Amino acid sequence: MTINELLDKPVWQMTGEELLFLARHGNMSTNGETAKASSKVKKQYVYGLAGIARLFGCSLPTANRIKQSGKINRAITQVGRKIIVDADLALELAGRKTGGRR
């Protein structure tokens, strides 16, 4: 039996030997490519000032100051009163130092 046939077969119909074979060799695709689709990073978003506060672990007034400071503007999308923040980009932007002493 080939890997493609095993992948199409329901788990409850497999023997123990088939299941172990699939567990060992099933993570490689038949074209020799690695499974890139499963390792694709999914974007994480937080919503509103409460989401910013949870992301940075701070209070709501401090989250409002962070938003108003302009440091994370590239991570923020705001339509009316709805605020959507790309969490990874916001953390990256907030971690960068600007200004200050050398």
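Parameters at a glance
- Residues numbered from 1 in each chain as written.
- Predicted model: local features only at pLDDT ≥ 70, side-chain atom pairs only at ≥ 80, totals over all residues.
- Heavy atoms only, no water.
- Helix = DSSP H or I, 4+ residues; strand = E, 2+ residues; numbered from the N terminus.
- Buried < 20%, exposed > 50% of the residue type's maximum accessible area, 1.4 Å probe, protein only.
- Contact = heavy atoms within 4.5 Å.
- Areas by Shrake-Rupley, 256 points an atom, 1.4 Å probe, with all protein chains shown as cover.
- Core = buried A, V, L, I, M, F, W, Y, C linked by side-chain atoms within 4.5 Å.
- Pairing = 2+ DSSP bridges.
- Axes fitted to C-alpha atoms, helices over the stretch in contact; angles between N-to-C directions.
- Salt bridge = Lys/Arg side-chain N within 4 Å of Asp/Glu carboxyl O.

J.: If you had to explain the overall build of the protein to someone new, which residues and values would you point to?
T.: Broken down by element type, the protein carries five helices and three strands. Listed by position from the N terminus, the elements making up the protein come as α-α-β-α-α-β-β-α. Taking all 102 residues of the protein together, the buried fraction comes to 20%. Within the protein, contacts between residues separated by at least 24 positions form 34% of all contacts whose residues are at least 6 apart in sequence. Surface accessibility of the protein: about 8,300 Å² in total, with carbon and sulfur atoms responsible for 54%.

J.: Run through the nonpolar core, naming residues and quoting values.
T.: Residues Val46, Ile52, Ala53, Ala63, Ile72, Ala75, Ile76, Ile83, Val85, Ala87, Ala90 and Leu93 constitute the largest nonpolar core, which totals twelve residues. Per element, the largest residue contribution to this core is three residues, and it comes from helix 5 (residues 87–95). When residues no more than four places from it in sequence are discounted, the contact partners of Ala87 are Gln44, Tyr45, Val46 and Leu55.

J.: Account for the sheet that holds strand 2 (residues 76–79), naming residues and giving values.
T.: Sheet strands pair via backbone hydrogen bonds, and the direction of the pair is either parallel or antiparallel. Judged by pairing direction, the sheet is antiparallel, and its three strands sit side by side in the order 1-3-2 without closing on themselves. With partners counted over all chains shown, the strands left at the sheet margins are strand 1 (45–47) and strand 2, one partner each. Each neighbouring strand pair of the sheet contributes to a mean axis angle of 20°, computed without reference to strand direction. Sheet analysis places strand 1 next to strand 3 (residues 82–86), joined by three bridges and oriented antiparallel.

J.: Describe the pattern of salt bridges, naming the residues involved and giving the relevant values.
T.: Tallied over the entire structure, the rule returns two salt bridges. The shortest N-O distance in the salt bridge between Lys9 and Glu18 comes to 2.9 Å. Overall, Glu18 belongs to the buried group, its relative accessible area being 17%. Between Asp86 and Lys43 there is a salt bridge, with its nearest N and O atoms 3.3 Å apart. Of this pair, Asp86 sits in strand 3 while Lys43 sits in the loop between helix 2 (16–25) and strand 1; the two residues are 43 residues apart in sequence, bridging distant segments of the chain.

J.: Please provide a residue-by-residue account of helix 3 (residues 48–56), values included.
T.: Those residues of helix 3 lying buried are Gly48, Gly51, Ile52 and Ala53. Residues of helix 3 that are buried sit in contact with strand 1, helix 4 (60–69) and strand 3. Gly57 sits one or two residues past helix 3 and shows a positive phi near 70°.

J.: Which residues make up the pairing of strand 2, and what are the values?
T.: Where strand 2 and strand 3 come together, four bridges link them in antiparallel fashion. Residue pairing in the sheet places Thr77 in a bridge with Ile84 of strand 3. The antiparallel hairpin formed by strand 2 and strand 3 contains two residues in its connecting segment, where Gly80 sits at a positive phi of about 65°.

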